[in-house]
Amino acid sequence: MASARLRNFPLPAADDPACAPVVRERLTAERERWLQQTDEATQWTNDHVATFAGGWPSQRLIDFAVTYSGHARMLMLSSARRRPSWNCWAT
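Residues numbered from 1 in each chain as written. Predicted model: local features only at pLDDT ≥ 70, side-chain atom pairs only at ≥ 80, totals over all residues. Heavy atoms only, no water.

A. Spotlight on the environment of Arg-31. Residue placement: Arg-31 occurs in helix α2 (residues 21–53). With relative accessibility at 13%, the residue Arg-31 sits in the buried group. Along the sequence, Arg-31 and Asn-8 sit 23 residues apart, while their C-alpha atoms lie 9.8 Å from each other. (Helix = DSSP H or I, 4+ residues; strand = E, 2+ residues; numbered from the N terminus. Buried < 20%, exposed > 50% of the residue type's maximum accessible area, 1.4 Å probe, protein only.)

Written as structure tokens, this is what we have:
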């Protein structure tokens, strides 16, 4: 997932002479843009899951889509408050 890779990319230290402040600012802005896009995507998916999954032939598939969209949205809501490092699965 691109947003996880972007979150895990280490920012250069603020006093690193090899990194201009504008680069740090742009990388931070890009991280925030990805987080915003993921937030909007989970909102849309959760709001419209009945529309795109309601016509599927299997109740099992419908339940999967509804559960997935709900879980994805709840994850975004919980993550947005804490601003995690996104590396909880790293070993």
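B. Molecular detail of α2. Over its 33 residues, α2 extends 46 Å from the first C-alpha to the last, a length consistent with the 48 Å expected when each residue adds 1.5 Å. Taken as a whole, α2 carries its principal kink of about 50 degrees at Asp-47. (Expected span 1.5 Å × (residues − 1). Bend = angle between axes of the 7 residues up to and from the residue.)

C. Layout of a nonpolar patch on the surface. On the surface, Trp-44, Phe-52, Trp-56 and Leu-61 cluster together into a nonpolar patch covering about 400 Å² of accessible area. By secondary structure assignment, the location of Trp-56 is in the loop between α2 and α3 (59–82). (Patch = residues over 30% accessible without salt bridge, like charges linked within 9 Å, V, L, I, M, F, W, Y side chains within 5 Å. Areas by Shrake-Rupley, 256 points an atom, 1.4 Å probe, with all protein chains shown as cover. Salt bridge = Lys/Arg side-chain N within 4 Å of Asp/Glu carboxyl O.)

D. The arrangement of the pattern of salt bridges in detail. As enumerated under the stated definition, the model contains two salt bridges in all. Note that Arg-33 and Glu-30 form a salt bridge whose closest N and O atoms lie 2.5 Å from each other. Taken together, the residues span about one helical turn, with Arg-33 and Glu-30 both in helix α2 at a distance of three residues. On the accessibility criterion, Glu-30 (29% relative accessible area) is partly exposed. With a closest N to O distance of 2.6 Å, Asp-39 and Arg-73 form a salt bridge. Residue Asp-39 is located in helix α2, and its partner Arg-73 is located in helix α3; the two are separated by 34 residues in the primary sequence.

E. Molecular detail of the packing of aromatic side chains. Applying the stated criterion across every chain yields a total of three aromatic pairs. Residues Phe-52 and Trp-56 carry aromatic rings whose centres are separated by 6.1 Å and whose planes lie at 55 degrees to one another, so their mutual orientation is tilted. Of the residues examined, Phe-52 reaches a relative accessible area of 32% and is grouped as partly exposed. Measuring from ring centre to ring centre gives 6.2 Å for Phe-64 and Tyr-68, while their planes differ by 25 degrees; the resulting arrangement is stacked. With Phe-64 and Tyr-68 both in helix α3, this residue pair falls four residues apart, about one helical turn. Like Tyr-68, Phe-64 is exposed. Through pairs of rings, three or more aromatic residues link up here, namely Trp-44, Phe-52 and Trp-56. (Phe/Tyr/Trp six-rings, centres within 6.5 Å; stacked < 30°, edge-to-face > 60°.)

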